[in-house]
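Per-entry structural report
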Amino acid sequence: MNVLVTGGAGYIGSHTLVEMLNAGMDAVVVDNLCNSSAESLLRVEQLTGRTVQFYQGDILNKPLMQKIFADHKFDAVIHFAGLKAVGESVAKPLKYYQNNVCGTLILCEVMQEAGVHNLVFSSSATVYGDPASLPITEDFPTSATNPYGQSKLMVENILADFQRANPQWNIARLRYFNPVGAHESGIIGEDPNDIPNNLMPYISQVAIGKREKLSIFGNDYPTPDGTGVRDYIHVVDLAIGHVKALEKLQTSPGLVTYNLGTGQGYSVLDMVSAFEKACGKKIPYQIAPRRAGDIAACYADPTYALQELGWKATHTLQDMVNSSWHWQSKNPNGYHA
């Protein structure tokens, strides 16, 4: 199977490439490197002994996308290329709608022109908004509390409408919970280009001495310790979920939607405590005001993915933090030497 991976140089993309290549699939990557590094692709090649053809460019560039599809015969596309910081989306909504929504429209147009009808879309549990109850199943009502979530929900709805009008298309919408961790080798991991927006890389950078302390946004949520609770999933488990989704598309299922999570919620303070155990040092933190758009708790019911894909998360919380620390301590400056 030959697969185009948009945003493939990023955190989830690079780990998914490893699992795809190890499963015997071929991959071509397009990435604008706005929040990733081409070095990750060299390391993917190092880990797998396989070659990845790379186009540096933007999915908003339709002529470039048409050239890529003209150069290659693809069986499927995995679409990771999206901006994903909640706070930034609140400050810069147009940027998020332009990249995440318009970018997907261009991708689908070019796929349709090229006769490629299999798509795995990188969605998010943020489409559930502030859920009325937990755990979250795929049939929960969707809503969004911020422009990032809104952009993902818009794309989900567009894909549903598009597939209904074009039943030859097979589309898997994967709603991720909170990806963390790194490849066990410590060779690839999460390396945000700017101040991390996600909890785990921020804790990692505090532990390595790059940042003074962690800010915990809110400790007055209705959760066991007052801090936000999330379903953290090891990035390798998530990557394997994409391989399973690609295999599912080969059975022509039409439009399918899966939660990829563990079904277990951990608080911010749980994560800090587990990370302290992994790195053997205290993580200094301060309590800061709640962030706009954040919710108290969010975790999955992943039963449907097990039934349909035969997929289940297998890594523990300690596996997640241990692998994050292994990556960070081995690469204190990420992909930048």
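Conventions adopted
- Residues numbered from 1 in each chain as written.
- Predicted model: local features only at pLDDT ≥ 70, side-chain atom pairs only at ≥ 80, totals over all residues.
- Heavy atoms only, no water.
- Helix = DSSP H or I, 4+ residues; strand = E, 2+ residues; numbered from the N terminus.
- Rg over C-alpha atoms; globule rule 2.2 N^0.38 Å.
- Buried < 20%, exposed > 50% of the residue type's maximum accessible area, 1.4 Å probe, protein only.
- Contact = heavy atoms within 4.5 Å.
- Areas by Shrake-Rupley, 256 points an atom, 1.4 Å probe, with all protein chains shown as cover.
- Lys, Arg positive; Asp, Glu negative; His and termini not counted.
- Charge placed at Lys NZ, Arg CZ, Asp CG, Glu CD.
- Pairing = 2+ DSSP bridges.
- 1 Å grid on protein atoms, 1.4 Å probe; cavity = no way out; pocket = protein on both sides within 12 Å on 5 of 7 lines; lining within 4 Å.
- Points joined across faces, edges and corners; volume = space filled by probe spheres on them.
- Nonpolar A, V, L, I, M, F, W, Y, C, P; charged D, E, K, R; others polar.
- Phe/Tyr/Trp six-rings, centres within 6.5 Å; stacked < 30°, edge-to-face > 60°.
- Lys NZ or Arg CZ within 6 Å of the ring centre and 35° of its normal.
- Axes fitted to C-alpha atoms, helices over the stretch in contact; angles between N-to-C directions.
- Left-handed = near helix turned anticlockwise from the far one by under 90°.

Assigned secondary structure in the protein chain consists of 11 helices and 14 strands. By the compact-globule yardstick of 20 Å for 337 residues, the protein chain fits well, its C-alpha radius of gyration being 19 Å. With respect to the three principal axes, the spread of C-alpha positions in the protein chain is 55 × 45 × 40 Å. A burial count over the protein chain gives 56% of its 337 residues as buried. Once local pairs closer than 6 in sequence are excluded, the contacts in the protein chain between residues at least 24 apart make up 80%. Counting only carbon and sulfur atoms, one obtains 50% of the accessible surface of the protein chain, whose full area is about 13500 Å². Considering the protein chain, the positive charge centre built from 25 side chains and the negative charge centre built from 32 side chains are found 3 Å apart.

Turning our eyes to something else, we now look at unusual backbone geometry. Phi is mostly negative for residues that are not glycine, and the peptide bonds are mostly trans. For the bond from leucine 134 to proline 135, the omega torsion is -5 degrees, close enough to zero to count as cis. The topology assignment puts proline 135 in the loop between β5 (118-124) and α6 (147-165). A positive phi angle is found at leucine 33, which is not glycine, with a value near 60 degrees. Within the secondary structure layout, leucine 33 lies in the loop between β2 (26-31) and α2 (39-48). Looking at leucine 33, the relative accessible area reads 19%, which means it is buried. The phi torsion at serine 252 lies on the positive side, around 55 degrees, for a residue other than glycine.

Read across the open sheet, the three strands follow the order β12-β9-β14; overall the sheet is mixed. Of all the strands in the sheet, the pair left with one neighbour each is β12 (266-267) and β14 (297-298). As defined by bridge partners, strand β9 (residues 229-230) adjoins β14 across two bridges and the pair is classed as parallel. Residue pairing across strands places arginine 230 opposite cysteine 298, the latter belonging to β14.

There is about 150 Å³ of room inside the second largest pocket. Residue contributions to the lining of the second largest pocket peak at four residues, all from helix α11 (residues 317-330). Of the residues assigned to the lining of the second largest pocket, the class counts are two nonpolar, six polar and two charged.

Before going further, it helps to examine the environment of alanine 91. Looking at the secondary structure, you find alanine 91 in helix α4 (residues 86-91). The class for alanine 91 is exposed, based on a relative accessible area of 62%. Separated by 91 residues in the primary sequence, alanine 91 and alanine 182 place their C-alpha atoms 29 Å from one another.

Attention now moves to the pairing of β5. Judged by how many residues are buried, β5 sits mostly within the fold: seven of seven residues are covered. A two-sided burial pattern is seen for β5, the buried positions comprising Asn118, Val120, Ser122 and Ser124 on one face and Leu119, Phe121 and Ser123 on the other. Two elements, strand β4 (residues 76-79) and β5, share three bridges in a ladder whose sense is parallel. Looking across to β5, one finds that histidine 79 is bridged to phenylalanine 121. As judged from the seven bridges shared by β5 and strand β6 (residues 170-176), these two strands associate in the parallel manner.

Right, let's get into the packing of aromatic side chains. Applying the stated rule across the entire model yields seven aromatic pairs. Through successive ring pairs, a cluster of aromatic residues spans Tyr128, Phe140 and Phe177. We note arginine 211 situated over the ring of tyrosine 202; from NZ or CZ to the ring centre the distance is 5.6 Å. One residue, arginine 290, lies across the ring of tyrosine 221, its end atom 4.0 Å from the ring centre.

In contact at an axis separation of 10 Å, helix α3 (residues 62-71) and helix α5 (residues 93-114) are set at 35 degrees when each is read in the N-to-C sense. The hand of the α3/α5 crossing is right-handed. The residues of α5 that touch α3, namely those facing Lys62, Met65, Gln66 and Phe69, are Ile106, Leu107, Glu109, Val110, Met111, Glu113 and Ala114.

Inspection of the secondary structure puts histidine 183 in the loop between β7 (178-180) and α7 (199-208). Taking the relative accessible area as the measure of exposure, histidine 183 reaches 13% and is therefore buried.

The parallel open sheet is built from seven strands, whose spatial order is β3-β2-β1-β4-β5-β6-β11. The open sheet has two free edges, formed respectively by β3 (53-56) and β11 (255-260), since each of these has just one partner strand. Each strand axis lies, on average, 20 degrees off the axis of its neighbour in the sheet, ignoring direction. Strands β1 (2-6), β2, β4 and β6 of the sheet are contacted by helix α1 (residues 11-22), whose axis makes an angle of about 165 degrees with β2. Taken strand by strand, helix α8 (residues 235-249) contacts β1, β4, β5, β6 and β11, and its axis lies near 160 degrees from that of β6.

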